[in-house]
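# Descriptive structure summary
Each chain, written out:
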Amino acid sequence: MPVHVLLFEAGTDNEGIHSLELNGRTVVLLFEERDDAERYAGLLEAQDFPVPSVEAIEREEMELFCGQAGYEARFVPSGFLPSSAEERLLIAPPERNMDLTHWREESQPPGAPQEPGRDGSPESAELEAFRRRLEGLL
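Of the positions making up helix 2 (residues 59–69), those classed as buried are Met 62, Phe 65 and Cys 66. For helix 2, the arc enclosing every buried residue in end-on projection is 95 degrees, short of the 170-degree limit, so these residues lie on one face. Within helix 2, the exposed residues directed more than 90 degrees away from the buried face are Glu 60 and Gly 67. Backbone geometry just after helix 2 places Gly 70 at a positive phi near 80 degrees.

Have a look at this one:
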């Protein structure tokens, strides 16, 4: 079953996925409905945040990616109604957002092209391989 995620700079070396920090956890939203993902992207744009693209990816692949990366995959079903302040963030972004470049390596000078998987760590190599598999799905 495909889910819809928000990607920044999709298809580039600087590709990143939209995530939230909730109680010390990094959460990636997996929208069941494309319209919900597009609405969320529009709300980000209204906050002067760069607009992500909405991409359909198999739910199992995203859950695997999130698990390997140490993220929590949070499924947002069609017609979801929040029952808490934390759940409200699943349908509307927080008022304050982190910088778009947060996922890039901090040791690089601003504007330098990112080279994922080049830091030599096994985790980095695994993430790079998985990123390439995800790109192959698109």
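Excluding glycine, most residues fall at negative phi; most peptide bonds, likewise, are trans. Even without a glycine there, the phi angle at Glu 9 is positive, about 50 degrees. Position of Glu 9 relative to the elements: it lies in the loop between strand 1 (2–8) and strand 2 (16–17).

This part takes up the nonpolar core. If you look at the biggest cluster of nonpolar residues, it comprises 16 residues, and the most contacted ones within it are Leu 6, Leu 20, Leu 29, Phe 31 and Tyr 40. Elements represented by at least two residues in this core include exactly strand 1, strand 3 (20–22), strand 4 (25–31) and helix 1 (34–46). For this core, the element with the highest residue contribution is helix 1, accounting for 4 residues. Apart from the residues lying within four places of it in its own chain, the contact partners of Leu 29 are His 4, Val 5, His 18, Leu 20, Tyr 40, Arg 74, Val 76, Leu 89 and Leu 90. Counting 10 residues, the second-largest nonpolar core is a separate cluster that includes Leu 7, Val 28, Leu 30 and Phe 65.

Definitions and cut-offs
- Residues numbered from 1 in each chain as written.
- Predicted model: local features only at pLDDT ≥ 70, side-chain atom pairs only at ≥ 80, totals over all residues.
- Heavy atoms only, no water.
- Buried < 20%, exposed > 50% of the residue type's maximum accessible area, 1.4 Å probe, protein only.
- Helix = DSSP H or I, 4+ residues; strand = E, 2+ residues; numbered from the N terminus.
- Arc of directions from axis to C-beta.
- Core = buried A, V, L, I, M, F, W, Y, C linked by side-chain atoms within 4.5 Å.
- Contact = heavy atoms within 4.5 Å.

Coordinates in, geometry out; function isn't part of it.
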